[in-house]
Amino acid sequence: MLKILHSIVQEVSSAPNLDSAMRIIVERVRSSMAADLCSIYLFNPIDGSYLLTASTGLKPEAIGHISLKPDEGLIGYVAEEKRPINITNAQQHQRFRFFPQSGEESFHGFLGIPIIQHGQVLGVIVAQQKAKREFSEDEVAFLVTVSAQLAGVIAHAKSTQFSHQLKSRKSNTSLNQLHGLSGAPGIAIGKAVVVYPSLGLDTIPDRRTANPAIDLQLLEMAIQNTRRDIEAKLHQLEPLLRKETQALFEAYLAMLESDTLIGATRQEIESGLWVATALRVSFSKQANILAGMDDLYLRQRGSDILDLGRQILNHLEPGARKPLHYPSQTILIGEEITPSLLVEVPPNKLAAIVQCRGAVASHSAILAQTLGIPAVMGISNLPLRYLDGLEVIVDGYRGQVQLKPDRLTKQNYQQLIRTEESLQNLLNSARQKPCRTLDGATVQLQVNLGLAGQMAPAETSFTDGVGLFRTETLFQQMERFPSEQEQYQSYRDILQVFHPKPVCIRTLDIGGDKPLSYFPIAEENPFLGWRGIRISLDHPEVFHVQLHALMRANLGLDNLHISIPMISQLAEINQALCIADQVRDELISRYGEFPAPQIGIMAEVPAAIFQCRQYAKRADFVSIGTNDLTQYLLAVDRNNSRVAKLYDHLHPAVLTAIANMVADCQLENTPVSVCGEMAGDPLAAVLLVGLGVHSLSMPIMRIPRIKWILNHLDSRAMVEHSQLCLELDTTSAIREQTKAFLIANDLRPMIESSLLETHAAQG
Ligand code: PEP
Ligand code: MG
C-alpha cells in the first residue's frame, strides 16, 4: 500500500495544475480500490460550498457544476461529521441528494472521507460501488490514509492554482485573503519583495533579468565554485567516504557538465529569465520527471538534482540572490525572514514582514515587534514565487494578508493606519513621564535589544535601561566566534549609551532556533538539546572570553548585569558563578580593583518554577523569560505554526507559574523581572504588575503603550484583578476578564484588537 500511496503522491506532486492533480488522484484511487467510482469535492471558500472537482464514474459534464452546501447531501454530511461515512446503500440515506445530471443512480455502496488539513476540511473524497455493500475495513483505512496524505498536496496545488489566477485576477477580496498568525501588531500597505535564505529552490520568485550576459557569468562562477567545493569535499573525505557517497559526489560533478541541466539553465537565462529563476525552472523540471518514475533509484536521483541546484544557488553571487530594489514600502515575504535578510532592507523602507514558517514567539516575530512593524507568520501555503511586486496589505492584528486589495479594502485599511498613527502620537507625547501607577507605585520599563543587529536605539531617555540584551546576534553576524576585543567594544558601547541606567546582557544563548553558521549543531530535538548555558559550560573557552569582555566593558561604568539563559539545575548557576569569579580574579590581578557585576538567571524552563527559591538564593536577580517558559510549560514549539493556537502566555498555568516564582523571589528578597514578549502585551503587563513584577522589559516600540496603561491604573486594583484571574480556568476567560478590566478603566483604545473592533462597529 505504501508503494501505491507513494506513487500517487509523486504523480500528483508533478502534476502541472490542480485539475490534473485531482484527475490523477481519482483515477489512481479507483483502480487501487477496485471501486466503480471515485470523486473529489473541494471546498470553495467564496460561496461556502463543496464543488465536484474531479470524478471517474460520474458524467463528465457534472464536473465543475455540481455543488453542495455544507448542510446538503452526503458530501455535506461527511464534512460536517469530519469522519469516514461508510454506507451500504447511499440512496436510502436521509441526507442523500440526487442530481439528475450526475449519473449517480446506479451506485449504492458509498464511502466518504473528509480531506482535512490543520483541522480545516478542504474537501471530501468519495469512493462508490454499484453493489449494495459497505466498503471493507481495509478499504476505509486505505482511503483515510490517501486522504490524509493528499491534504497537504491538495493545499499546495490549490495555492499554486490560486497563484496563477492571481496573475490575471484584478482583485477578489475573499480569494486574495491569506490567513496566518499575528506575529506583531500593526497594519502596512506596500509592495511584496520575496526573499529567501540560501536554501530552497522552490521559493525563488519568477523574475526576469535586465542583462542576460551578466546572469550567464554569475551562473558560470557559481558552477565553478560548486565544482571546487565538491572536489574539495571528495578529496578531504575520500578515505572516510563509503563507496555510494563517493559515487554521489562524482555524479554531482558529472551533472555539472550536463546539457539537460546546465545547458537548459543557460537557455532559460538567454530567453530572459533571472539566473536563480532559470536554475529553479530547469532543475525542478528534471527532478519532477524523475520523481514521477516508479523506479526508486531514479526517484532518488530527482532529489540529488534538487540538492545540486541548491548548492549552485548558494554559490550564486550574493548580489544575484538579493532583490535588485526595495520599494519605499517594502513588505518582506519569505519562507523565513532571518535577521540577515532583514538587515539588507534600508530601515526606512521596511513596512512589514510575512513568512510561511514560525509563530508568535519566533525570533522573527520578536524582531518585527522590536522594529515596530507588523508581522504575519505561519501562512503555510504562501505562493511565494508569484508574489514579487504585488500590492499587499499586512494586517498584523488579525494575522491576515490581503493580496491585490480592491479600492474599498485599501481605503478601509488606510483609515485604520491614520487612527493608529494618531494613537501612537498620543502615546509618544507622554512617553517621557516616569512609569508610576495612579497610587504611586513605580514600574521599571526596560528595553530588549540585540536582535537584528540593533545595538542601541537613537532615543533612550524614556526607558529605564536594558532588561535583556541578546548577545547571539553579535555572534551570528560573524563568520567565527567574535574576539574578546570585538565583544568588549559592543558591550562597552551599549553600557555607555545607557549609563548610569542598568544594562542586563545575556550570555550566549545559541542552539534551539538560533544557529551559528560556524558552529553547526544538528539535533533531533534542538529546543530540548544543547542550548544556552549548557553550551557555555561545555565550552568554557568561549564562555570565559565572553565574561572577560563583559566585565572589562563594565570598568568605570558599573551598570552591568549579566543574565544566564536556560538554567535548569542549581549546579549550572554554581558553575557559572565560579567561572565568573575566576574571570574577575584574573582581571583584578591584572588591573587592580574591578567592579563585580550583578549576575542573575533567566527563569524559563519548568524546573525553575519549582526550584525558584533555591535559584533566587544564589542569583542576584531572576529574569523570567516567558517566551521559553510558555513553550516548555505548554509543550508547544514556539516556532511551529501548526500548534500556534495552543501557545498563549495568558494560559492559567503560565500565570500560576509566574505567581509562584515571584512569591519565591520575594521570600529571598531577590529582584524579579519579566523580559519575554509577554511584558509588552498590554493585557499581560497589567497581570504581571498585579502579580508583583515591578520590572518589565520589552521591545522599545511597546514601551509608550505599556507606560500609558500602567500610568492610568491603580496598582491595588491590578493586584486584585490578577488574584481573580489566578482563580480562572481558561486562557480565554483570563483574556476576556482583563479586557473588561481595562475597558472599565477607560483604557479600551489601548487594547490592541480594539482598533479593529471600533472600526468594524463604525463601518
Ligand atoms: C524568553 O525566552 O522569554 C526570552 C526572553 O529569551 P529568547 O526569546 O531570546 O529565547
Ligand atoms: Mg529564552
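Only a predicted model underlies this, so the values are computations on that prediction, with no experimental measurement involved. (Residues numbered from 1 in each chain as written. Chains lettered and ligands numbered in written order. Predicted model: local features only at pLDDT ≥ 70, side-chain atom pairs only at ≥ 80, totals over all residues. Heavy atoms only, no water.)

A few words now on the nonpolar core. Ranked by size, the top nonpolar core spans 108 residues in total, and within it L445, Y491, I624, I658, L696 and L710 carry the most contacts. A total of eight residues in this core trace back to one element, the largest contributor, which is helix α22 (residues 652-667). I25, A54, V140 and A155 belong to the second largest nonpolar core, which has 33 residues in total. (Core = buried A, V, L, I, M, F, W, Y, C linked by side-chain atoms within 4.5 Å. Buried < 20%, exposed > 50% of the residue type's maximum accessible area, 1.4 Å probe, protein only. Helix = DSSP H or I, 4+ residues; strand = E, 2+ residues; numbered from the N terminus.)

In the region of ligand 1, 17 residues are neighbours, and R470, R506, G625, N627 and R638 sit closest. Separating an oxygen atom of ligand 1 from a backbone N or O atom of T626 is a distance of 3.1 Å. R638 places a polar side-chain atom, nitrogen or oxygen, 2.7 Å from an oxygen atom of ligand 1. Notes on ligand 1: free accessible area 290 Å², of which the protein chains cover 100%. (Near = heavy atom within 4 Å. Polar contact = N/O pair within 3.5 Å; in protein donor to acceptor, adjacent residues only side chain to side chain. Areas by Shrake-Rupley, 256 points an atom, 1.4 Å probe, with all protein chains shown as cover.)

This part is about the sheet that holds strand β13 (residues 391-395). The strand order β7-β14-β13-β9-β10-β11-β12-β8 describes an open sheet built from eight strands, whose pairing is mixed. The sheet is open, and its two edges are formed by β7 (177-179) and β8 (181-184), each paired on a single side. Strand-to-strand twist in this sheet, taken as the mean axis angle between neighbours without regard to direction, amounts to 30 degrees. Where β8 and strand β12 (residues 375-377) come together, three bridges link them in antiparallel fashion. Note on β12: the bridge partner recorded for A184 is A375. In the packing of helix α12 (residues 363-371) onto the sheet, the strands contacted are β8, β11 (350-355) and β12, and the crossing angle to β8 comes to about 50 degrees. Taken strand by strand, helix α13 (residues 407-429) contacts β9 (187-194), β13 and β14 (400-403), and its axis lies near 115 degrees from that of β9. (Pairing = 2+ DSSP bridges. Axes fitted to C-alpha atoms, helices over the stretch in contact; angles between N-to-C directions. Contact = heavy atoms within 4.5 Å.)

Here the focus is the domain arrangement of the protein chain. Where interface size is given, it is often the accessible area lost as the parts come together that is meant. Here the protein chain is described as being made up of domain 1 (2-168), domain 2 (177-195 + 324-405), domain 3 (201-320) and domain 4 (444-701). Facing the six residues of domain 2 at the interface are seven residues of domain 3. Run the count over domain 2 and domain 3 and you get one salt bridge. Note that D388 is salt-bridged to R207, the shortest N-O span being 2.5 Å. At the boundary of domain 2 with domain 3, the tally comes to two residue pairs in polar contact (both at pLDDT 80 or more). Among the residues forming the side of domain 2 that touches domain 3, the class breakdown is three nonpolar, no polar and three charged. (Domains from an automatic or database assignment. Salt bridge = Lys/Arg side-chain N within 4 Å of Asp/Glu carboxyl O. Nonpolar A, V, L, I, M, F, W, Y, C, P; charged D, E, K, R; others polar.)

As a further point, take the coordination of the magnesium ion (ligand 2). At 2.0 to 2.2 Å from the magnesium ion (ligand 2) lie its protein donor atoms, namely E604 (OE) and D628 (OD). Of the two residues, E604 sits in the loop between β19 (598-603) and α19 (606-610) while D628 sits in helix α21 (residues 626-634), which places them 24 residues apart along the sequence. Summarising the burial analysis for this pair, E604 and D628 share the class buried. (Donors = N, O, S within 2.8 Å, 3.2 Å for Na, K, Ca; no water.)

Before going further, it helps to examine the sheet that holds strand β4 (residues 85-87). Judged by pairing direction, the sheet is antiparallel, and its six strands sit side by side in the order β3-β2-β1-β6-β5-β4 without closing on themselves. Two strands lie at the open edges of the sheet, namely β3 (67-68) and β4, each paired on one side alone. In terms of strand pairing, strand β1 (residues 37-44) meets strand β2 (residues 49-56) through seven bridges, oriented antiparallel. From the neighbouring strand, S39 faces β2, where its bridge partner is S55. Contacts between helix α2 (residues 18-33) and the sheet are confined to β1, β2, β5 (109-117) and β6 (120-129), with β1 contributing the most and set at about 145 degrees to the helix. Those strands touched by helix α3 (residues 73-81) are β1, β2, β3, β4, β5 and β6, and its axis lies near 45 degrees from that of β5.

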